[in-house]
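If you want the building blocks of each chain, they are given just below.
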Amino acid sequence: MANDGLTVAVLGPGGVGGLLAALLARAGHRVICLAGDETARTLDADGIEVRSGRFGDFTARVAADTELREPADVCLIAVKATALDAALERLPAKTLGEEGLIVPLLNGVEHPALLRERYRPEQVAPAVIRVESTRIAPGVIEHGSPFAEVDLTADTAPRARIETLAGVLEWAGVRVRIQDSEAATLWAKMSFLAPFALLTTRYGVPVGDVRTLHREELAALVEETAAVGRACGAPVDPAAALARYDAFPAATKSSMQRDAEAGRTLELDAIGGALLRAAERTGVPVPVTSRLVRDLAPAADRGN
């Protein structure tokens, strides 16, 4: 992987993938967005328009296709967990090549195992992203948070290549950290995401109302998630997770909440379901999580 002039495939150019694709293309890299026919045609013709207080308003030219047809240095996977299996048909392992780095930015903790079954394990470098970014139309991205932060991991992938990718993302404007433990990184995100997604979606309110009107429930969920994370070998600090809610802009909504409002399929199984499965494996009681997942199941079924 070279330090400059990378070829970056972006599988799922929605709110997260579209923002990163546009930033990387603006920084001078060849970006290929992989999407359905209509979205691919739109992006290929018009590029990606970004509206952002942090990065400014701009349009970036990208290539787009329904399937990867040339080797790529890195592939950012930014689809919803519910669409991962189908989306991977757009990313043939033979085309990507044995040197292509696969960086999934999905919610949850179970997807790395699936990817390592399909691609070479040393190609897969799970990452997490903290950002509020929404696709309001094909090729139109609204970035609402004052930050975009990525944590990369190098448990199986060569660290030198991860460091190169970190430099590329930093140059494009994204704040990046390289973490020592994949499990700790994924569970640190889960300890924040699961309570955030479940509570904002269950009550239909942004994070500001969750941390005030439902703080007791929030604290209980954070404790449960942290306990499961610790049982899975990840030293999650519940106090640090809780403090992050207080630092978030009050109007912030979770992606699950936005999906519920739009009648889209919910990532309930990838987030709440994965947490319950890990809790069952490790013998950790999670009564609040169980109740919220049960309460949200009808909405998840309606979106399928």
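Note: the structure precedes this text.
Since the structure is predicted, the reported quantities are computational estimates derived from the model, not experimental observations.

Criteria and cut-off values
- Residues numbered from 1 in each chain as written.
- Predicted model: local features only at pLDDT ≥ 70, side-chain atom pairs only at ≥ 80, totals over all residues.
- Heavy atoms only, no water.
- 1 Å grid on protein atoms, 1.4 Å probe; cavity = no way out; pocket = protein on both sides within 12 Å on 5 of 7 lines; lining within 4 Å.
- Points joined across faces, edges and corners; volume = space filled by probe spheres on them.
- Helix = DSSP H or I, 4+ residues; strand = E, 2+ residues; numbered from the N terminus.
- Nonpolar A, V, L, I, M, F, W, Y, C, P; charged D, E, K, R; others polar.
- Buried < 20%, exposed > 50% of the residue type's maximum accessible area, 1.4 Å probe, protein only.
- Pairing = 2+ DSSP bridges.
- Right-handed = clockwise from strand over helix to strand, strands pointing away.
- Expected span 1.5 Å × (residues − 1).
- Contact = heavy atoms within 4.5 Å.
- Salt bridge = Lys/Arg side-chain N within 4 Å of Asp/Glu carboxyl O.
- Core = buried A, V, L, I, M, F, W, Y, C linked by side-chain atoms within 4.5 Å.
- Axes fitted to C-alpha atoms, helices over the stretch in contact; angles between N-to-C directions.
- Parallel < 35°, antiparallel > 145°, perpendicular 65-115°, else oblique.
- Left-handed = near helix turned anticlockwise from the far one by under 90°.
- Phe/Tyr/Trp six-rings, centres within 6.5 Å; stacked < 30°, edge-to-face > 60°.

### What to know about the layout of surface pockets
What the largest pocket holds in volume is close to 1200 Å³. Taken together, the elements giving at least two residues each to the lining of the largest pocket come down to helix H1 (15-26), helix H3 (84-87), strand S8 (127-130), strand S9 (133-137), helix H7 (182-203) and helix H11 (255-262). Sort the elements by how many residues they give to the lining of the largest pocket and H7 lands first, with 4 residues. Class assignment of the residues belonging to the lining of the largest pocket gives a composition of 19 nonpolar, 13 polar and 12 charged.

### Let's talk about the pairing of strand S2 (residues 30-34)
Burial within S2 is extensive, with 4 of its 5 residues counted as buried. Sheet topology places strand S1 (residues 7-11) next to S2; 5 bridges connect them, and they run parallel. Bridging across to S2, Val 10 finds its partner in Cys 33. Read as a crossover between parallel neighbours, the route from S1 over H1 to S2 is right-handed.

### A word on H1
The terminal C-alpha atoms of H1, which comprises 12 residues, lie 17 Å apart, in line with the 16 Å expected from a rise of 1.5 Å per residue. Residues of H1 that are buried include every one of Gly 15, Gly 17, Gly 18, Leu 19, Leu 20, Ala 21, Ala 22, Leu 23, Leu 24 and Ala 25, and no others.

### A few points about the side chain of His 214
Within the element layout of this structure, His 214 appears in the loop between helix H8 (207-213) and helix H9 (215-231). Accessibility expressed as a relative area gives 18% for His 214, which makes it buried. Aside from chain neighbours lying at most four places away, what touches His 214 is Tyr 203 and Asp 209.

### Concerning the pattern of salt bridges
All told, the structure shown has 22 salt bridges when counted by the stated rule. The salt bridge involving Arg 130 is made with Glu 149; its shortest N-O contact spans 3.0 Å. With Arg 130 in strand S8 and Glu 149 in strand S11 (residues 149-153), this pair connects stretches of sequence that are 19 residues apart. The burial state of Arg 130 is the same as that of Glu 149; both residues are buried. Lys 253 is the partner of Glu 261 in a salt bridge, and the nearest nitrogen-oxygen pair spans 3.2 Å. Given a relative accessible area of 49%, Glu 261 falls into the partly exposed group. What emerges from the salt-bridge pattern is a single network uniting Arg 130, Glu 149, Asp 151, Arg 175 and Arg 177.

### Here we look at the nonpolar core
Counting residues in hydrophobic clusters, the biggest one holds 43 residues, and the most contacted among them are Ile 48, Leu 76, Val 103 and Leu 152. With 7 residues, the single largest contributor to this core is H1. Each residue touching Ile 48, except ones within four places of it in the same chain, is listed here: Gly 18, Ala 21, Ala 22, Cys 33, Leu 43, Phe 58, Thr 59, Ala 60, Val 62, Gly 139 and Ile 141.

### Focus on the environment of Ser 290
On the secondary structure map, Ser 290 appears in helix H13 (residues 287-303). The sequence separation of Ser 290 and Gly 273 amounts to 17 residues, and the corresponding C-alpha distance is 9.0 Å.

### A closer look at the packing of H9 against helix H10 (residues 238-247)
Running from amino to carboxyl end, H9 crosses H10 at an angle of 140°, the nearest separation of the two axes being 9 Å. In terms of axis orientation, H9 runs oblique to H10. The element H9 and its partner H10 pack so that their crossing is right-handed. On H10, the residues that touch Arg 215, Leu 218, Ala 219, Val 222, Glu 223, Ala 226 and Arg 230 of H9 are Pro 238, Ala 241, Leu 242, Tyr 245 and Asp 246.

### Looking at the packing of aromatic side chains
Per the counting criterion, the structure on display carries 5 aromatic pairs. With 5.1 Å between their ring centres and 40° between their planes, Phe 192 and Phe 248 make a pair best called tilted. With Phe 192 in helix H7 and Phe 248 in the loop between H10 and H11, this residue pair connects regions lying 56 residues apart in the sequence. Classification of Phe 192 by relative accessible area gives buried; the value is 4%.

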